[in-house]
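Fold and contact review
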Amino acid sequence: MRSAGLFPHIPSYLGTYGSLIQQQLTMALLSVLFGLIAALPIALLCVRYPKIYPAVVGLLTVIYSLPSIALFVLLVPSTGLTQTTVIIPLSVYSLAALVPNIVEGIRGIPEDVRLAAIAMGYTGARRLVAVDLPLAVPPIMAGLRVATVGNVSMVSVGTVIGVGAFGALFTAAAQLSRSDLAVTGIVVIVALALACDLLLVVAQRLLTPWNKRRSA
Amino acid sequence: MISFVQVGKTYPDGTVAVAATDLTADSGRITVLVGPSGSGKTTLLRMVNRMIEPTGGEILIDGVDVRSKSAPELRRGIGYVIQNAGLFPHRTVLANVMTVPRLLGWSRDKARERAMELLTTVGLEESHAKRYPFQLSGGQQQRVGVARALAADPPVLLMDEPFSAVDPVVRKDLQTELLRLQSELSKTILFVTHDIDEAIQLGDKVAVLNTGGVLEQFDTPTELLANPKNEFVESFLGLDRGVRRLSFFSSTGVPLRPEPVVARDAPAAEVLARRGAQPWLLVVDGGHKPLGWLTAEQVPADGDLTKVAVGELVSYGHTFGAETDSLRAALDSAILSPSSRAVGVAEDGRVVGVASVEELVPAIRAAQSASVPDTGRGDLSDAGDPVNPVTPGGQGDRDDNPETV
């Protein structure tokens with residue numbers, strides 16, 4: 001069996017490297033996106049009502065500690081053996097990285113800037129969009145990077161319900177005793193994670209030309 | 001005009017931030033709220049644009065209760081300058097200045113045009129427009145802060161310790177700049193500071209507040225310096241209030257004697273004649289600029305002053321502008337020189353004459369008995385006000401340039 005080269009042949013039932021990468025990224029990035037969409041209102045509630053913040057963080061930490069496989073089992077009856085079943089738990093996991101970063105980001109806005117925004121006559125919603133969120137971009141991006149890198153890797157666990165993308169490759173590697181497949185899978189996943197991370201760093205630089213910490 | 005009518009603020013825990021206060025900030029004037037921390041000065045200021053709501057009384061701007069509009073709408077009509085400038089770090093200088101006009105719904109072009117114009121007004125260059133706040137110095141940031149507050153041309157400007165975070169040199173620049181702007185714009189300015197010097201320099205009227213938000217005295221700076229109402233105000237003003245008050249009075253009443261002034265190349269006979277009459281001679285150069293003092297004993301026996309090296313002359317400290325500077329500057333000039341004599345110069349630097357500390361005393365006495373100064377901020381701000389006619393203290397010209405401006 002040929003196993004030379006960076007991309008050894010993979011069993012045809014797994015598809016191609018291209019299709020595996022596409023599945024891996026689709027599930028990982030969608031889960032981060034949904035996580036971000038859910039994290040914003042949760043974080044804003046925590047900023048508005050600081051008393052609930054410790055409880056929310058505690059809850060997210062508990063959820064983060066739940067084994068994903070257990071969550072898949074719980075979800076399969078309603079969402080079936082689909083990518084959705086993988087995306088939902090990963091979205092929820094992302095909250096643990098995203099919510100605290102958004103909260104700290106908004107809380108970290110300098111008091112004089114916050115007061116100036118109020119004194120200029122911003123209404124609450126407009127201030128959020130025009131001042132608070134743009135200024136919270138650096139910590140939010142930091143949270144997104146953690147969530148993205150984590151999810152790109154964790155998607156593999158979906159192989160237990162048959163939608164694991166590169167997870168399926170690892171399963172095959174175990175069944176066929178093909179350590180070359182496992183190594184390739186790891187290399188590709190790490191490369192994907194780093195590529196996503198790099199894109200986020202570039203995005204952040206483009207979004208925050210005002211951030212003195214990098215321009216200095 | 002901003003009127004505080006029995007305005008008070010008591011927090012739910014019973015802490016009194018502002019005791020029931022009556023105060024009126026006149027239109028087109030700078031009213032300074034000064035006091036130690038915990039004196040409620042910032043609280044009073046922020047009640048005007050409803051960043052803090054009072055628990056008692058009412059605040060009127062030109063007779064209209066501030067609560068008659070929604071808070072954001074009210075705020076867009078009131079300029080606000082905060083400590084550290086509080087610029088939006090994610091926006092360029094230009095975008096910062098455009099903030100309120102954009103909130104008011106101006107077109108982008110109109111707002112940009114107005115913002116560019118204001119940058120020039122506050123002494124910034126057009127090249128600053130595209131920069132981000134972190135690329136500016138503290139003083140430049142605060143100038144942008146002032147421009148941002150002025151952007152929509154509000155009649156009322158609230159300034160919340162705007163210059164307290166910059167170094168003293170820059171602070172002085174900004175203060176001077178504010179007075180210059182104010183002489184052009186005539187805004188109704190409420191200015192909060194904990195610095196009594198700043199209050200006295202900038203305020204047309206100064207409200208001294210004590211801990212617990214108690215208004216101890218509300219007067220013009222000169223009246224405050226001359227007649228503090230109680231011990232608190234007196235101690236807050238410090239131990240040099242008498243001298244400091246002199247900065248509001250022109251030095252034109254000081255008698256400047258030309259007799260002790262002698263040119264270095266003057267004829268020997270003239271030098272010897274003057275030596276007999278004067279204990280100190282001020283030696284001047286060919287352009288009549290001061291070189292230094294010489295005691296009568298130091299004058300060479302033959303009266304040839306060129307024998308005395310310039311380095312041997314006694315320092316005259318600094319001169320004061322006979323037409324432009326205050327009595328305080330004159331007094332300081334006399335105190336600094338070992339001869340105890342002040343050197344008065346014309347605007348071109350030529351020596352007009354000298355006056356000893358003793359000779360300054362009558363002018364100082366006259367200033368002390370005068371309730372209204374003939375120069376300085378009082379003169380500038382009260383000019384033409386029929387309610388507070390200016391009664392000059394006898395000396396000086398009403399057209400003198402106020403030295404604090």
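Right, let's talk about the overall build of chain A for a bit. Scanning chain A from terminus to terminus reveals 10 helices and 0 strands. Across chain A, helices and strands are ordered from the amino to the carboxyl terminus as α-α-α-α-α-α-α-α-α-α. Along the first, second and third principal axes, the C-alpha set of chain A runs to 70 × 45 × 20 Å. Within chain A, buried positions represent 44% of all 216 residues. For chain A, the share of sequence-separated contacts (at least 6 apart) that also reach a separation of at least 24 residues comes to 75%. Surface exposure of chain A reaches about 10,700 Å², of which carbon and sulfur atoms provide 71%. A gap of 3 Å separates the mean positions of the 13 positive and 6 negative side-chain charges of chain A.

Two aromatic rings are characterised by how far apart their centres lie and by the angle between their planes. Under the criterion given, the structure shown has 5 aromatic pairs over all chains. On the basis of an interplanar angle of 75° and a centroid distance of 5.6 Å, the ring pair of Tyr64(A) and Tyr93(A) is categorised as edge-to-face. Residue Tyr64(A) is located in helix 2 (residues 53-65), and its partner Tyr93(A) is located in helix 4 (residues 83-107); the two are separated by 29 residues in the primary sequence. Aromatic pair Trp280(B) and Trp293(B): ring centres 6.3 Å apart, planes at 85°, arrangement edge-to-face. Of this pair, Trp280(B) sits in strand 12 (residues 280-284) while Trp293(B) is found in strand 13 (residues 290-295), placing the two residues 13 residues apart along the sequence. Trp293(B) shares its class with Trp280(B); the two are buried. Directly above the aromatic system of Tyr49(A) lies the positively charged group of Arg48(A), at a separation of 5.1 Å from the ring centroid.

Bringing the pairing of strand 8 (residues 188-193) of chain B into the picture now. Residue and element names in this part refer to chain B. Summarising burial for strand 8: 6 of the 6 residues are buried, a large majority. On strand 8, burial covers both faces: Thr188, Leu190 and Val192 on one face and Ile189, Phe191 and Thr193 on the other are all buried. Inspection of the sheet shows strand 3 (residues 30-34) paired to strand 8 by 5 bridges, in the parallel sense. Following the sheet pairing, Val34 is matched in strand 8 by Thr193. Relative to strand 8, strand 7 (residues 156-160) is paired through 5 bridges, and the arrangement is parallel. Note that in strand 8 the partner of Asp160 across the bridge is Val192. In terms of handedness, the path from strand 7 via helix 7 (residues 168-185) over to strand 8 forms a crossover that is right-handed.

All names here are of chain A. If you trace the backbone, Leu74 turns up in helix 3 (residues 68-79). Among the residues examined, Leu74 registers a relative accessible area of 64% and is labelled exposed. Expressed as a C-alpha distance, the spacing of Leu74 and Ala147, which sit 73 residues apart in the sequence, is 23 Å.

With 61 residues, the main nonpolar core has Val34(B), Val97(B), Met159(B) and Phe191(B) as its most contacted residues. The element best represented in this core is helix 6 (residues 138-150) of chain B, accounting for 5 residues. In contact with Val34(B), not counting residues within four places along its chain, are Lys41(B), Thr193(B), His194(B), Asp195(B), Ile196(B), Ala199(B), Val206(B), Ala207(B), Val208(B), Leu209(B) and Phe236(B). Ala117(A), Trp210(A), Val18(B) and Phe218(B) belong to the second-largest nonpolar core, a separate cluster that totals 44 residues.

Turning our attention to the confidence of the model for chain A. Here chain A averages 89 in pLDDT, and 96% of its residues register 70 or above. Across chain A, the secondary-structure element scoring lowest on mean pLDDT is helix 10 (residues 212-215) of chain A, at 57, and the one scoring highest is helix 5 (residues 111-120) of chain A, at 95.

Another aspect to go through is unusual backbone geometry. All names here are of chain B. Although it is not a glycine, Asp62 sits at a positive phi angle of roughly 50°. Topologically, Asp62 is positioned in the loop between strand 4 (56-61) and strand 5 (64-65). Classification of Asp62 as exposed rests on a relative accessible area of 51%. If you check the backbone angles, His288 has positive phi at about 65° while not being a glycine. Looking at the secondary structure, you find His288 in the loop between strand 12 and strand 13.

So, about the interface of chain B and chain A. Listed by partner, the interface residues are 24 residues for chain B and 20 residues for chain A. Both faces combined, the contact of chain B with chain A buries some 2,000 Å², and carbon together with sulfur accounts for 70% of it. Broken down residue by residue, the surface that chain B buries against chain A is led by His90(B), Leu103(B) and Phe134(B), which jointly contribute 29%. The tally of links between chain B and chain A comes to 5 residue pairs in polar contact (both at pLDDT 80 or more). Mapped by element, the contributors of at least two residues to the side of chain B that touches chain A are helix 2 (71-76), strand 6 (78-82) and helix 4 (99-103) of chain B. Among the elements that make up the side of chain B that touches chain A, the one with the highest residue count is helix 4 of chain B (4 residues).

Here we take up helix 14 (residues 357-369) of chain B. Three- or four-residue spacings in an α-helix give side chains the same orientation, since the helix completes a turn every 3.6 residues. Residue and element names in this part refer to chain B. For helix 14, with 13 residues, the first-to-last C-alpha span of 19 Å sits near the 18 Å given by 1.5 Å per residue. When we look at burial in helix 14, the residues that qualify are Leu360, Ala363, Ile364 and Ala367. Looking at the buried positions of helix 14, the neighbouring elements they touch are helix 11 (241-245), helix 13 (327-336) and strand 16 (351-356).

Moving on, we get to the sheet that holds strand 8 of chain B. Residues and elements named next belong to chain B. Ordered by their spatial adjacency, 6 strands build an open sheet running 6-7-8-3-9-10, and the pairing between neighbours is mixed. Every interior strand has two partners, whereas the edge strands, strand 6 and strand 10 (214-219), have only one. Ignoring strand direction, the axes of neighbouring strands in this sheet form an average angle of 15°. Helix 7 rests against strand 3, strand 7 and strand 8 of the sheet, and its axis sits at about 165° to strand 8.

Bringing the packing of helix 2 of chain A against helix 4 of chain A into the picture now. Residues and elements named next belong to chain A. Viewed as axis vectors pointing N to C, helix 2 and helix 4 meet at an angle of 155°, and their least axial separation amounts to 8 Å. What the angle tells us is that helix 2 and helix 4 run roughly antiparallel. Crossing handedness for the pair helix 2 and helix 4: left-handed. Contact with helix 2, carried on its side by Tyr53, Val56, Leu60, Ile63 and Tyr64, involves Val92, Tyr93, Leu95, Ala96, Val99, Pro100, Val103, Glu104 and Arg107 of helix 4 and no other residues of that element.

Moving on to the domain arrangement of chain B. Domain boundaries in chain B define domain 1 (2-245) and domain 2 (252-360). A C-alpha centroid distance of 45 Å is found between domain 1 of chain B and domain 2 of chain B.

Reading guide: rules and limits
Residues numbered from 1 in each chain as written. Chains lettered and ligands numbered in written order. Predicted model: local features only at pLDDT ≥ 70, side-chain atom pairs only at ≥ 80, totals over all residues. Heavy atoms only, no water. Helix = DSSP H or I, 4+ residues; strand = E, 2+ residues; numbered from the N terminus. Buried < 20%, exposed > 50% of the residue type's maximum accessible area, 1.4 Å probe, protein only. Contact = heavy atoms within 4.5 Å. Areas by Shrake-Rupley, 256 points an atom, 1.4 Å probe, with all protein chains shown as cover. Lys, Arg positive; Asp, Glu negative; His and termini not counted. Charge placed at Lys NZ, Arg CZ, Asp CG, Glu CD. Phe/Tyr/Trp six-rings, centres within 6.5 Å; stacked < 30°, edge-to-face > 60°. Lys NZ or Arg CZ within 6 Å of the ring centre and 35° of its normal. Pairing = 2+ DSSP bridges. Right-handed = clockwise from strand over helix to strand, strands pointing away. Core = buried A, V, L, I, M, F, W, Y, C linked by side-chain atoms within 4.5 Å. pLDDT = per-residue confidence, 0-100. Buried area = accessible area lost by both parts, 1.4 Å probe. Polar contact = N/O pair within 3.5 Å; in protein donor to acceptor, adjacent residues only side chain to side chain. Expected span 1.5 Å × (residues − 1). Axes fitted to C-alpha atoms, helices over the stretch in contact; angles between N-to-C directions. Parallel < 35°, antiparallel > 145°, perpendicular 65-115°, else oblique. Left-handed = near helix turned anticlockwise from the far one by under 90°. Domains from an automatic or database assignment.

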